[in-house]
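Structural overview for review
Residues per chain are reported as follows:
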Amino acid sequence: MHQLTIAEIIRGLRDKQFSSVEITRHLLDRIQQLDGNYNSFITVTEELALAQATAADERLARGEAPPLCGVPIAHKDIFCTSGVRTSCGSKMLDNFVPPYDATVVENFNRAGAVTLGKTNMDEFAMGSSNETSYYGPVKNPWDTDCVPGGSSGGSAAAVAAQLAPGTTATDTGGSIRQPAALTNTTGLKPTYGRVSRWGMIAFASSLDQAGPIARNAEDAAYMLSVMAGHDAKDSTSLNRPLQDYTLNLNDSIAGLKIGVPKEYFGEGLNADTAARVQDALQEFEKLGAELVEVSLPHTGLAVPAYYVIAPAEASANLSRFDGVRYGHRCEDPQDLRDLYMRSRGEGFGDEVQRRILVGTYALSAGYYDAYYNKAQQVRRLIKQDFVQAFDKVDVIMGPTSPSPAFALGAKSADPVAMYLEDIYTIATNLAGLPGMSLPCGLVNNMPVGLQIIGNYLDEARMLNVAHQYQQVTDWHQQYAGSASAA
Amino acid sequence: MEWEIVIGLEVHVQLATKSKLFSGASTQFGAAPNTQACAIDLAMPGTLPVPNEEAFRFAAMFGLAMNAEIGRRSVFERKNYFYPDLPKGYQTTQLAEPIVGPGEIEIHLEDGSSKTVRLHHAHLEEDAGKSLHEDFHGMSGIDLNRAGTPLIEIVSEPDMRSAAEAVAYLKKIHSIVTYLGISDGDMSQGSMRCDANVSVRLKGEEKLGTRTELKNINSFRFVERAIKVEAERQIDILEDGGSIVQETRLYDADKNETRSMRSKEVANDYRYFPCPDLLPVVLTDDYVEKLRTELPELPDAKAARFRDEYKLSAYDADLLTQERASADYFETAAKKSGEAKLAANWMTGELAALLNREELSIEQSPVSAEQLAGLILRIKDNTISSKIAKQVFDAMAKGEGDADQVIEKRGLKQVSDTGAIEKMVDDVIAANAAQVENYRSADEAKRPKMMGFFVGQIMKASKGQGNPQLINKILKEKLDALL
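Residues numbered from 1 in each chain as written. Chains lettered and ligands numbered in written order. Predicted model: local features only at pLDDT ≥ 70, side-chain atom pairs only at ≥ 80, totals over all residues.

**Regarding the overall build of chain B**
A tally of regular secondary structure across chain B gives 15 helices and 15 strands. In terms of overall size, chain B is more extended than a compact globule, its C-alpha atoms giving a radius of gyration of 30 Å where 483 residues would be expected to give roughly 23 Å. Overall size of chain B, expressed as C-alpha extent along the three principal axes, is 100 × 55 × 55 Å. Counting every position in chain B, which comprises 483 residues, the buried fraction comes to 41%. Residue pairs at least 24 apart in sequence account for 69% of intrachain contacts in chain B once pairs closer than 6 positions are excluded. (Helix = DSSP H or I, 4+ residues; strand = E, 2+ residues; numbered from the N terminus. Rg over C-alpha atoms; globule rule 2.2 N^0.38 Å. Buried ≥ 20, exposed ≤ 12 C-beta atoms within 10 Å, placed from the backbone. Contact = placed C-beta atoms within 7 Å.)

In structure tokens form, the structure reads like this:
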């Protein structure tokens, strides 16, 4: 039952092959039995899940089922859930129980989905390996000695280990796509503004975007149809009508123009990863698509620009965690300064503190122009690169990540090596473009991801392209050995 | 040595929107602590700001009233600093692209002169909460009801040259915001707060001296006194060969002195950057032009109309239009009585004295505009003399009713009965034979002046209620008959 996709669960529930309570119970048991190996959940909401499943079964029986009625999912622990602890992977919020739901959570609740729990993540979404979580690292179900990627490592691992058919996630510089690539799942980061950020704990506001991680493009389309939409509570939310992303999945992609950026196949890319991505591109040619070489000349500047802008925004976004109103407060503060210093020093881990310091520095008087302003200029150039490329092509493809999953601890002492994990994904966040990752092969039995970058609000086409690929390949159907053994 | 004081003001005005700048919580003053702070105001994780359209409208109205450029595009920035009453750890404010650009206004001084003060800019920002240091036994309490209340910060150029000019400017700002209805302007509740940048230089010198910033001087009177005392302090230092330290100083009203705030709190790098949660707001030309046509009549225009329509002096017109409430009071009294000049005189005279004495605002006046008009009507139709009118006014102020009721109850009606007056005239002539003799033997030219004595005696006999015109007429007839 845990092998079912969301589309299959929807059909199974409607055809009364099983009930929502049955599949929910099954997945809860599975989490209980197996998640000790992966640590993909921070909180399992058993009671809530069973109550929601019972309510969903009643609605299904009455025949008034909304789109995802009774389908179990899990939310990244960055989304506020009313009455359920929302930690953001941090000691700072270990005791934080929000009195409100994130819009994404509200949308899934309204669609009838069942919440299995909250998934593990890098602390405040800062990391590419899920090793910065206060709740311990997440292990890659394909090899538990390896990282699952980050920051949405828990969301990706939960899907890869078949603990949940789909999960919500967020992506600030690659945090949906890179873990999806490393765990053989399908993840999509929508156009900036397509999904509301209300109730999603901010890392870097101008870059953060929520999206789904699922087993395949069709399931991602089901989830995105529920997640996306305008929200008056988020001023940066795009005012576009709701869309059913499942409608165009079966369109032909003959004649599709695929841009292949030469900068994405240069130094630093693992040769085997490159080979799997080239295989995938050939598969698209067989489907009638045309490959066009394009250039994104400012690609090399994306990581440095990102590591100015994202920490700068984070340094302000994380100022609210001061021990005054909620969250961690140090014992017995001597005065205000002591309260701030110790509450924040104890509540935040090393990577979060590092980024706060970097961001504070970049915004300081005398450095602002050299760092923050310059980075914003670079951001505009990067956006321009994409705008020019999309004059010639419909989508852009390349690797999601330079190499397959690395060993736990391999990069944790070298922040720059860790930052380069996101070299192919960061530019789309800076440009606000949608990007997705889908399985395209294995290297030494570890997954490789193909990245599809779309034009603004072109998620339907991206999902169509990915779905067509998944009709003629079965990489996405291969499951982690350790998971399928169970 | 002759010194010149140079003053620039930063005035914070709380906008009278129903809800906060970025949340739906109420802005009502005086609620129990933290009952008007929602998740956004508390900066709970994941919450996001949504701008209040009304605040933009109010700010743009202010800009139009200041003859200022309206920032067609305005951008919110984050001003970063830690303080317990600042929940997000940054204040959302505007810096590089404020909603109101340069402008200017005319201020009116008590000597009747006017002066133009330039506006540097005005920007929208959110207020902080309040830290309460009493009642918590070595701890501080935080009330976030005020957090997120919309403010406009109005920054002048250093164009004022005396404490009196600073007060006149502040009064003008107060008058504009209350005319526009965008703030209640109540300084005692903090709806309007003022910081003053003060420096001194030798007269004729072009370079500005080192300035100090006086914080939170929250009444017109304190603004005047704080600036005076700070300028004196600076002059004393300079005359003794010292130099001024650029710093923030607090005014202590009890001791009438300014003192340095701890320097630790001064050296802040606020690390401003554009707020990524808020998009630039663009006001279209149509929007701004429509607002312009909807602006109410402003103080200067009203003063001009009062001079023109009611033939008031420039001084009276300025005085009466300073506050919208007094202008409204005047227009009501003038229209209902048909005697604008008298209404103005009563307002600047007896009424002003009464309100001053009782420390009341015009809105709290115990004598309403309708009541004052009623009094003026009785003067006009000779029911009472101006002298008796003052008695009636005092009685009205004590709540004894309208003019007619007071006149009736106290029997203050003017005596215009010819017979009664003839009798009083006869009695006075009979009782003052010597003065009558003097009158008779005096030069023709001196006689009118000598009549004053008899008029005084007769008025006294009538307890002030005799009709003066009638007394004069009958007296003259009777005295002339004796010639």
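**Digging into the domain arrangement of chain B**
Residue and element names in this part refer to chain B. Domain boundaries in chain B define domain 1 (3–288), domain 2 (297–410) and domain 3 (418–481). Distance from the C-alpha centre of domain 2 to the C-alpha centre of domain 3: 34 Å. If you look at the interface, domain 2 gives four residues, while domain 3 gives four residues. (Domains from an automatic or database assignment.)

**Observations regarding the interface of chain B and chain A**
Listed by partner, the interface residues are 26 residues for chain B and 34 residues for chain A. Residue composition of the side of chain B that touches chain A, grouped by class: 18 nonpolar, three polar and five charged. (Nonpolar A, V, L, I, M, F, W, Y, C, P; charged D, E, K, R; others polar.)

**Let's talk about the sheet that holds strand 4 (residues 90–94) of chain B**
Residues and elements named next belong to chain B. Overall, antiparallel pairing links the three strands, which are arranged 4-3-14 in an open sheet. Unpaired on one side and paired on the other, strand 4 and strand 14 (273–274) mark the two borders of the sheet. The sheet contact formed by strand 3 (residues 76–80) and strand 14 spans two bridges and is antiparallel. Paired with E77 across the bridge in strand 14 is P274. (Pairing = 2+ DSSP bridges.)

**Description of the packing of helix 6 (residues 314–321) of chain B against helix 8 (residues 340–358) of chain B**
Residues and elements named next belong to chain B. The contact between helix 6 and helix 8 brings their axes to 11 Å, and the two run at 65°. Put simply, helix 6 runs roughly perpendicular to helix 8. Of the two elements, helix 6 crosses helix 8, and the hand of that crossing is left-handed. Between helix 6 and helix 8, the contacting residues are D316, L319 and L320 on the first element and A344, M347 and T348 on the second. Here the residues of the contact of helix 6 with helix 8 sort into four nonpolar, one polar and one charged. (Axes fitted to C-alpha atoms, helices over the stretch in contact; angles between N-to-C directions. Parallel < 35°, antiparallel > 145°, perpendicular 65-115°, else oblique. Left-handed = near helix turned anticlockwise from the far one by under 90°.)

**Focus: the pairing of strand 13 (residues 257–260) of chain B**
Regular strands place their side chains on alternate faces of the sheet. All names here are of chain B. Bridge count between strand 12 (residues 248–252) and strand 13: four bridges; the pairing is antiparallel. In the sheet register, R249 faces strand 13, and the bridge partner there is S260. Between the antiparallel neighbours strand 12 and strand 13 lie four residues, among them N256 with a positive phi of about 50°.

**Brief notes about helix 4 (residues 103–110) of chain A**
Residues that lie three or four places apart on an α-helix share one face, since the helix turns once every 3.6 residues. Residues and elements named next belong to chain A. The set of residues buried in helix 4 consists of T103, V104, V105, N107 and F108. Buried residues belonging to helix 4 abut strand 2 (72–76), strand 4 (166–171), strand 6 (209–214) and helix 7 (217–227). After helix 4 finishes, the residue G112 shows a positive phi value of roughly 90°.

**Details of unusual backbone geometry**
Residues and elements named next belong to chain A. Cis geometry is found at the peptide bond from G150 to S151, where omega equals 10°. As for its placement among the helices and strands, S151 is situated in the loop between strand 3 (114–119) and helix 5 (153–160). Even without being a glycine, A125 presents a positive backbone phi close to 65°. Following the sequence through the fold, A125 ends up in the loop between strand 3 and helix 5. Even without being a glycine, Q162 presents a positive backbone phi close to 60°. Tracing the sequence through the fold places Q162 in the loop between helix 5 and strand 4. Q162 sits in the buried class, given 21 other C-beta atoms within 10 Å.

**Re helix 1 (residues 53–65) of chain B**
Residues and elements named next belong to chain B. Counted at 1.5 Å a residue, the expected span for helix 1 with its 13 residues is 18 Å, and the 19 Å between its end C-alpha atoms agrees. By the criterion of burial, helix 1 is predominantly enclosed, with ten of the 13 residues buried. Packed against the buried residues of helix 1 are strand 5 (103–108), strand 6 (114–126), strand 9 (150–156), helix 2 (163–180), strand 15 (281–282) and helix 4 (285–294). N67 sits one or two residues past helix 1 and shows a positive phi near 55°. (Expected span 1.5 Å × (residues − 1).)

**Observations concerning the nonpolar core**
Residue and element names in this part refer to chain A. Counting residues in hydrophobic clusters, the biggest one holds 139 residues, and the most contacted among them are V104, L116, V308, V395, I452 and A466. The biggest single contributor to this core is helix 9 (residues 302–317), with nine residues. If sequence neighbours within four positions are ignored, I452 has contacts with V395, M397, G435, M436, M462, V465 and A466. (Core = buried A, V, L, I, M, F, W, Y, C linked by C-beta atoms within 7 Å.)

**A closer look at the UniProt feature "domain: Asn/Gln amidotransferase" (unreviewed entry) in chain B**
The UniProt feature table records "domain: Asn/Gln amidotransferase" (unreviewed entry) at residues 328–479 of chain B. Summarising residues 328–479 of chain B: 73% helix, 0% strand, and an end-to-end C-alpha distance of 49 Å. (UniProt positions renumbered as here; feature names shortened; annotations may be inferred.)

**Digging into the sheet that holds strand 13 of chain B**
Adjacent strands of a sheet pair through backbone hydrogen bonds, lying either parallel or antiparallel. Residue and element names in this part refer to chain B. Taken together, eight strands build an open sheet; the order of strands is 5-6-9-1-10-11-12-13 and the sheet is mixed. Either end of the sheet is taken by a strand with one partner, and the two such strands are strand 5 and strand 13. Strand after strand, the sheet turns through a mean of 30° between neighbouring axes, direction not considered. The pairing of strand 1 (residues 3–14) with strand 9 spans five bridges and is antiparallel. Looking across to strand 9, one finds that V11 is bridged to I154. The strands that helix 3 (residues 220–239) touches are strand 1, strand 10 (192–202), strand 11 (212–215), strand 12 and strand 13; relative to strand 10, the one it contacts most, it runs at about 30°.

**A closer look at the UniProt feature "active site" (unreviewed entry) in chain A**
All names here are of chain A. In the numbering adopted here, UniProt assigns the feature "active site" (unreviewed entry) to K76, S151 and S175. For the annotated residues, spread through 100 residues, the largest C-alpha to C-alpha distance comes to 11.2 Å, consistent with a single compact locus. Apart from the residues within four sequence positions on either side, S175 is in contact with A125, G150, S151, S152, A169 and T170.

**What to know about the UniProt feature "domain: Amidase" (unreviewed entry) in chain A**
If you check UniProt for "domain: Amidase" (unreviewed entry), the listed places come out as residues 22–463 of chain A in our numbering. Annotated as residues 22–463 of chain A, this span is 37% helix and 14% strand, and its ends, taken at the C-alpha atoms, are 30 Å apart.

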